[in-house]
Every structure is written in structure tokens, then in C-alpha cells.
Amino acid sequence: MTTYGFHASHEQISPGRLLRDVQQAERAGFRIAMCSDHFSPWSTRQGHSGFAWSWLGAALATTDMTFGTVCAPGQRYHPAVVAQSSATLAEMFPDRFWVAFGSGQNMNEHITGDKWPDKTTRQARLEESVDIIRRLHRGEEVTHHGLVDVESARVYSLPETPPRIMGPALTPGTAARAADWADGLITINDEPESVEKILEAYRTAGGRGTLALQVHVAIEDTMSRAREVARDQWQNHAVDPPVAYDLPTPEEFDLVARYIPDEKIEESVIVTDSTDHLVARLREFEELGFEEIYLHHVSQDQSGFLELAENELLPALERR
């Protein structure tokens, strides 16, 4: 049985509005949610970047939903600080918070002024950070010197059960490496064949735990309107790696992405004017074995989507 969740996009919506959106999402029938963690938006047209960790405390306190977020320890966030912040949320809201750790993107990390490392170094830094965080979650005092430095750190306020740590992966290679340390895998929508390869790499390498998927959607009354929303708000997400990992500012993303054709955008966003079509696409991902699917309507106005979810989409998805 797949559980459907709501994705809260801090890049697109102010924190206060997004808090009201997630409360409406719960009323609409969503029981799980996740949010992004950006210092910068993808595009100047999005125009927001609320601090995820402050917002998560408010979201958890004002709903009964389970929440997660994806962050990149090692540069913008010191892993000891991530261990403390995630332990605090898990202590206050037992079994309702998870976190996924990735290697990051320059658009969020360059603000420290430190050199942006290559992918191999970033991956090694991530794995060091995950080990440090797990040790701190066990109550150990940690000293570590490597790609990150920690000196006599200990987290004193710990939850009875540490938060679930997910591995985000966009390629089979990253998925296979995450299998060594993750409690589950999260990826994003693509062609089912490509997503299946990521899942297979994770499981073949011994990966365990929850399989989760974030699905970007633009659903409107007409296809022309849906394409307009997808282009305005999510065209920059169609920029391929490694460029997407290395560009530092929303302005540069806007320059690169303005030439991306609609067909390329629709590889990363399900663009539709039909609930039935969206349900059919989501069923394909259910069949791959995803236990959690988080829906991200890429518009800055979530009200119409949440009404649709309550009245049509979620009831249709519940009919197996």
C-alpha cells in the first residue's frame, strides 16, 4: 500500500503561506509531508527560501503529519549542528520526523565562501558527515578530523529513537553508495525505467528500509495553463547535472534554463489537465514498489491543487 504525501516547496512560497498550505493539506487527507531546504530558490521568479528547520518545528506542532526534509551536511551545515537540530525535532515529535542527507548543490552551499568541491569529494564528505551524525545520535562524544572537523561534540537532548536517515539518489551509482548507510531511499520522478534502475541498484547493494519518491506535477484546467505553470516555476529544475549541481545563483539558472524546450521540462514534471492521467502515471510508480510518494504541485498557489486532491485525486488513488 502506497501512502501519498504533500511536498512543501520553500523556494516558491513564503514560510507563513506554506505553513497554512500544509495545514490545508492535512485537512485534504494527506498524512505525510516533506519540505525542501534551500538557501536560494531555483529561479528569481520563485523568490523565496524560508529556513526549513524553523518551519518544521511549526509544521510539526500545528499538524499531526509526519515530516521529512533533505539537507546537505558538510558545508553550509556543520554535521554536529544537523545532529542536534534533527535530534531536537525527533525528541519533541517522536516517530514523526525523518531526514535525508545529500551531497548538496552549489546554489545553496557557496554562501560560506568555501571552495565548492568536486562530486567525488562531496560524496566522501557526505559519508563522513553521516557517520558523525549517527554517532552523535547514539549519545557518543565525537572528535573527528577529515573533510569535516569535529572537536569533543556531544548532543545531550536525544530522542528515544533517532530519526530515520534516508539516502537521496538521482543515479544508480549514488543509490548503491547510499545502501551502505541509509535507512531508506528517496528519489524523484523520471521515466519508470530510469527510476527502476535506481531502485535496483539500491536493493542489489543491500539497501533496506522505506522507498520514497517525490513527484513534480503541474495539473491545471487546460494543458496550455499547465505548461505555462511548469515553465514559469520549474523549468530550471530541468537543467541537467553536473551543471545543476555547480551553478551558484538563481540568476544563472534563469539564463541557462530559458532555452529549455517544453518537452525537456515535461521529463521532470508531469504536466496534465486530467486527474485520470495523473493517477495512471502515479500507478506506474506504485508498481515499482514505492511505499511513500510525495506530490509537489509546482505552482505558487497550492489551494486549487489541494481542493482537487481532497475531492478527486486522493479518493481516486485510494481505490485500488
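Residues numbered from 1 in each chain as written. Predicted model: local features only at pLDDT ≥ 70, side-chain atom pairs only at ≥ 80, totals over all residues. Heavy atoms only, no water.

Enquirer: Describe the nonpolar core, and please don't skip the residues or the numbers.
Expert: Ranked by size, the top nonpolar core spans 74 residues in total, and within it Phe-30, Trp-55 and Phe-101 carry the most contacts. Per-element tally for this core: the top contributor is helix 13 (residues 303-318), with eight residues. If we skip the residues at most four places from it in the chain, Phe-30 touches Tyr-4, Gly-5, Phe-6, Ala-25, Met-65, Leu-295, Phe-305, Leu-306, Ala-309 and Leu-314. Residues Trp-42, Ala-226, Leu-247 and Val-269 belong to the second largest nonpolar core, which totals 18 residues. (Core = buried A, V, L, I, M, F, W, Y, C linked by side-chain atoms within 4.5 Å. Buried < 20%, exposed > 50% of the residue type's maximum accessible area, 1.4 Å probe, protein only. Helix = DSSP H or I, 4+ residues; strand = E, 2+ residues; numbered from the N terminus. Contact = heavy atoms within 4.5 Å.)

Enquirer: Quick one: what's the story with a nonpolar patch on the surface, residue by residue and with numbers?
Expert: Judged by side-chain polarity, Val-243, Leu-255 and Val-256 come together as a nonpolar surface patch covering roughly 230 Å² of accessible area. One can find Leu-255 in helix 10 (residues 250-257). (Patch = residues over 30% accessible without salt bridge, like charges linked within 9 Å, V, L, I, M, F, W, Y side chains within 5 Å. Areas by Shrake-Rupley, 256 points an atom, 1.4 Å probe, with all protein chains shown as cover. Salt bridge = Lys/Arg side-chain N within 4 Å of Asp/Glu carboxyl O.)

Enquirer: Could you give an account of unusual backbone geometry, with specific residues and numbers?
Expert: Note on backbone geometry: most residues besides glycine have negative phi, and most peptide bonds are trans. In this structure, the amide linkage connecting Pro-241 to the following residue, Pro-242, adopts the cis form with an omega of 5 degrees. The residue Pro-242 is located in the loop between helix 8 (223-234) and helix 9 (243-246) in this model. A positive phi angle is found at Asp-95, which is not glycine, with a value near 60 degrees. Structurally, the position occupied by Asp-95 is in the loop between helix 3 (79-92) and strand 4 (97-101).

Enquirer: Could you give an account of the UniProt feature "domain: Luciferase-like" (unreviewed entry) in the protein, naming the residues involved and the relevant values?
Expert: Per the UniProt record, "domain: Luciferase-like" (unreviewed entry) is annotated on residues 9-291. The distance separating the terminal C-alpha atoms of residues 9-291 is 21 Å; by composition the span is 43% helix and 17% strand. (UniProt positions renumbered as here; feature names shortened; annotations may be inferred.)

Enquirer: Hey, could you go over the packing of helix 1 (residues 15-28) against helix 13 for me, with residue numbers and the actual values?
Expert: For the pair helix 1 and helix 13, interaxial distance at closest approach is 9 Å and the crossing angle is 15 degrees. Relative to helix 13, the element helix 1 lies roughly parallel. In the crossing of helix 1 with helix 13, the sense of the turn from one axis to the other is right-handed. Contacts from Asp-21, Gln-24, Ala-25, Arg-27 and Ala-28 of helix 1 reach helix 13 at Ser-303, Leu-306, Glu-307, Glu-310 and Leu-314. (Axes fitted to C-alpha atoms, helices over the stretch in contact; angles between N-to-C directions. Parallel < 35°, antiparallel > 145°, perpendicular 65-115°, else oblique. Left-handed = near helix turned anticlockwise from the far one by under 90°.)

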